[in-house]
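# Coordinates in review
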Amino acid sequence: MKAEEVLKMIGELENGERWKLLDMMYDEYFNSRKCSEVKKEERLSNLEKDIEFLSRKVGVHDMYFNRIHKEEEE
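In this text the structure is predicted, and so the values were computed from the model without any measurement. (Residues numbered from 1 in each chain as written. Predicted model: local features only at pLDDT ≥ 70, side-chain atom pairs only at ≥ 80, totals over all residues. Heavy atoms only, no water.)

## Quick word on the overall build of the protein chain
Within the protein chain, the secondary structure is distributed over 3 helices and 0 strands. Written out in order from the N terminus, the α and β elements of the protein chain read α-α-α. Over its C-alpha atoms the protein chain spans a radius of gyration of 23 Å, topping by over 25% the 11 Å that the globule rule assigns to 74 residues. For the protein chain, the spread of C-alpha atoms along the principal axes amounts to about 65 × 30 × 25 Å. Just so you have it, the protein chain exposes about 7400 Å², and 58% of that area is on carbon and sulfur atoms. (Helix = DSSP H or I, 4+ residues; strand = E, 2+ residues; numbered from the N terminus. Rg over C-alpha atoms; globule rule 2.2 N^0.38 Å. Areas by Shrake-Rupley, 256 points an atom, 1.4 Å probe, with all protein chains shown as cover.)

## Quick notes on the environment of Glu52
Tracing the backbone through its elements, the reader meets Glu52 in helix H3 (residues 37-73). By relative accessible area, Glu52 is classed as partly exposed at 49%. It is 29 Å that separates the C-alpha atoms of Glu52 and Asp27, two residues lying 25 residues apart in sequence. (Buried < 20%, exposed > 50% of the residue type's maximum accessible area, 1.4 Å probe, protein only.)

## A word on the environment of Gly16
Within the secondary structure, Gly16 sits in helix H2 (residues 15-29). On the accessibility criterion, Gly16 (43% relative accessible area) is partly exposed. As for Gly16 and Leu47, which are separated by 31 residues in sequence, their C-alpha atoms are 35 Å apart.

## Section: the pattern of salt bridges
Should the charged atoms of two oppositely charged side chains come close, the side chains can pair. Overall, the coordinates contain 1 salt bridge when judged by the stated rule. The shortest N-O distance in the salt bridge between Glu17 and Lys20 comes to 3.1 Å. In this pair, Glu17 and Lys20 are both assigned in helix H2, 3 residues apart and thus about one turn of the helix distant. (Salt bridge = Lys/Arg side-chain N within 4 Å of Asp/Glu carboxyl O.)

Geometric values such as these leave the question of function open.
Following this line, the structure appears as structure tokens:
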């Protein structure tokens, strides 16, 4: 089955049934409460990596910001 066919079928559903489908898809793919422990650990690990990456970016921007202010003061 192709994605276009699926979308056409979804478009033909009643509004209430589309909402049920959205809820089911959310639970299947995004609801962390239903994830296994391995997936939770993987998600936590990825979040830690993201936070570390972003904190380095913030540090660099903070350095530039301080440099600009120091130059303005002089």
